[in-house]
Every structure is written in C-alpha cells, then in structure tokens.
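Chain by chain, the residues:
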Amino acid sequence: MNGSRIAAVGHYQPAKVLTNEDLAGTVDTSDEWIRSRVGIRTRHIAGPDEPVDELAAQAGAKALAAAGLTPADIDLVLVATSTAVDRSPNMAARVAARLGMPNPATMDLNVVCAGFTHALATADHAVRAGGASRALVIGADKMSEVTDWSDRTTCVLVGDGAGAAVVEAAEESGIGPVLWGSVPEMGHAVRIEGTPPRFAQEGQSVYRWATTQLPPIARRACERAGLEPADLAGVVLHQANLRIIEPLAEKIGAVNAVVARDVTESGNTSAASIPLAFSKLVEQGAVSTGDPVLLFGFGGNLSYAGQVVRCP
C-alpha cells in the first residue's frame, strides 16, 4: 500500500434553523439584502448543549458507519476547528472519547476555513508514510459562539456544523497532492480574536483575494493530480459567500463539474464547510464513486489548501 483514499464521508448539522427573516427581526437587515450580497437563505445553529466535539463526533460516527468500520479501526483522529473553547483536552481527544476509540493519536488543526483540506492532506501524508492505517478527519465549527449577533455584517454569514471523512491506505492514491500556502501579512483580513473571541473580517479584501489570486492556485492543484479543470466532476470550495464561489469556480475552468452551493442553506461553517458540502453531494448522488472532485479551502490567515480526491 503506497497510497490513500477517502473510504466514506458523513456530516451533521444542528436541528435549529435560523432564517433570514429571523435575523431581520433582530438586526437591520432583510432577506433580499442577505441573498443579494452573500446568497444565504438559512443556517443551522447549535444550542448551548451542543459543543464543537459533539458536532464533530456526530459527523464522525456517520462517516464510520458509511465505511462499515468500528471506532476501534481508527488509529488517527484529526479535527480541524477554530472554535474550540478549551485548550485541553483537544477536540480530537474528546471526539475519540465520545466514539469509544481505544488508543488513537489525536490532533487538532486550526487553519480556520482551510482547516479541513489541511487536515485531509496531513492524514494522507500520515497514511502513506505508514504512521497510520486509518484516519478519521473532521472539520467542525460552532461559529455562532464567536459571533456578535448585533453586527449585521457578520451575523448573517455564519452557521454551525461538521463534516467528516475516513481516510485509509490504498494501492492507488485517491487523494491528490496538496497545494497549500498562506499570505501571512494579510492575516488581519479574517479574525477570531479578543475576550470573548469574536469573528470579524475585511470583506472586500477577502473577496478580491479569493476571486483574483486563488483561481490559478486551484488550477495548479488540478495539475498536481494530473488533471485538467475540465476533467473534474465536482468542485467543492469553502462555502463562504455565493458571490465568491460562483466567479471562482468559473475562473478555475471546471466547465463540466457540479459546483457545491451548500452555503445557501448552511451559511459559512468555517472548517466544516467543505466536508459538509462534499458529503451532501455524495449523499445526493450528484457525484459518483471514483469521480474526481476538487476540494479547495481558503480564508482565515489568508491560508489555502486544495487537492483533487476520488469520491468514495
């Protein structure tokens, strides 16, 4: 075995749905204003009894079930999140405990909106190097907990949720080489900081960066996988804003691909957005087993990471 593949995916969202009309009752906004600027209609919001590790464990359990595996089959757990409340135990250890895993390695990664694709690459590297046989990779965030709900520029954007993938050794690689990087001097463009921590961003700066600088990087991720953008069956970009997703997908040149637009019903779920949207495409049959799909995360820290994967 000298490769790795995604064996299965799963996702979870809290039951509570917050509509644009609901928000219009608390801040100066409207359904038309939100839809025209970010394309979001609804978002799911976790309750006080639903911490990040609970969201993550729910998604992880679904991915394990879809793969036909038990918790004992996993020897590495990676959780991408930027909304963990406590420093220790980390979210990965808490997920492992919730799922009843006996002795996995457990690590959190905080690369904000690009967290899942960074974690997926890390799992791919660990499995191919022989450091793990099967990894559970999760993106989970509770953005509602770091949001100022009186700020209409940010509260209309966010949602909560989690998505997961099981990565295992394979004879042929189903996870393409990652292309990742960042723009450290622009880290202030997206922030979760302060006491209590609050989400803030420079929306126009992020929009310009995402729509002008990222298309050639995403195309290079396809090249690393030995594919042209036109060969892609699906494109799953970080679900930040429909006004970013649509022009970015067009500039990549994936003319035959299904483009995930889960942001419309889930909002921006940060590290959860890519696995959440990918899992839904798989569940809906919009992409088929073996299809090449570009996963491309970007955002916080002005970090990015992308790879082409084969659908489970």
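Look above for the structure.
Here the structure is a predicted model, which means the values were calculated and not measured. Each chain has its residues counted from 1, running along the sequence as written. pLDDT decides what is reported in this predicted model: residues at 70 or higher carry local features, side-chain atom pairs at 80 or more are listed and counted, and totals for whole chains, interfaces and linings draw on all residues regardless. Hydrogens and waters are ignored; side-chain quantities use all the structure's heavy atoms.

> Quick one: what's the story with the sheet that holds strand β11 (residues 234-237), residue by residue and with numbers?
Adjacent strands of a sheet pair through backbone hydrogen bonds, lying either parallel or antiparallel. By this definition, two strands are paired if DSSP reports at least two bridges between them. Numbering of helices and strands runs from the N terminus, with a helix taken as a DSSP run of H or I at least four residues long and a strand as a DSSP run of E at least two residues long. Taking strand neighbours across the sheet as the criterion, the five strands line up as β8-β14-β13-β11-β12 in an open arrangement whose pairing is mixed. Taken across any chain shown, the strands that pair with only one partner, and hence form the sheet edges, are β8 (179-182) and β12 (258-259). The pairing of β11 with strand β13 (residues 292-298) spans four bridges and is classified as parallel. Looking at β13, one finds that Leu 237 is bridged to Phe 296. Sitting on the sheet, helix α5 (residues 115-128) is in contact with β8, β13 and β14 (303-310), with an inclination near 55° to β14. The contact definition used throughout considers only heavy atoms, calling two residues in contact when any of these lie within 4.5 Å. For helices, the fitted line uses only the C-alpha atoms of the stretch in contact; every axis is such a line through C-alpha atoms, and the angle between N-to-C directions lies from 0 to 180 degrees.

> Tell me about the pairing of strand β5 (residues 105-109), and name the residues and values.
Within a regular strand, the side chains alternate between the two sheet faces. Direction of pairing for strand β4 (residues 76-80) relative to β5: parallel, over a ladder of five bridges. Bridging from a neighbouring strand, Val 77 pairs with Thr 106 of β5.

> So what about the pairing of β4? Which residues, and what values?
The element β4 is largely enclosed, with a buried count of five among its five residues. In terms of handedness, the path from β4 via helix α4 (residues 91-99) over to β5 forms a crossover that is right-handed. Taken together, the five bridges between β4 and strand β6 (residues 134-142) define a ladder with parallel strand orientation. Counted as the bridge partner of Val 77 is Leu 136 from β6. Summary of the burial criterion: residues with accessible area below 20% of their type's maximum are buried, those above 50% are exposed, and those between are partly exposed, where the area comes from a 1.4 Å probe applied to protein chains only. Orienting the strands away from the viewer, one traces the path from the first strand over the helix to the second; a clockwise path indicates a right-handed crossover.

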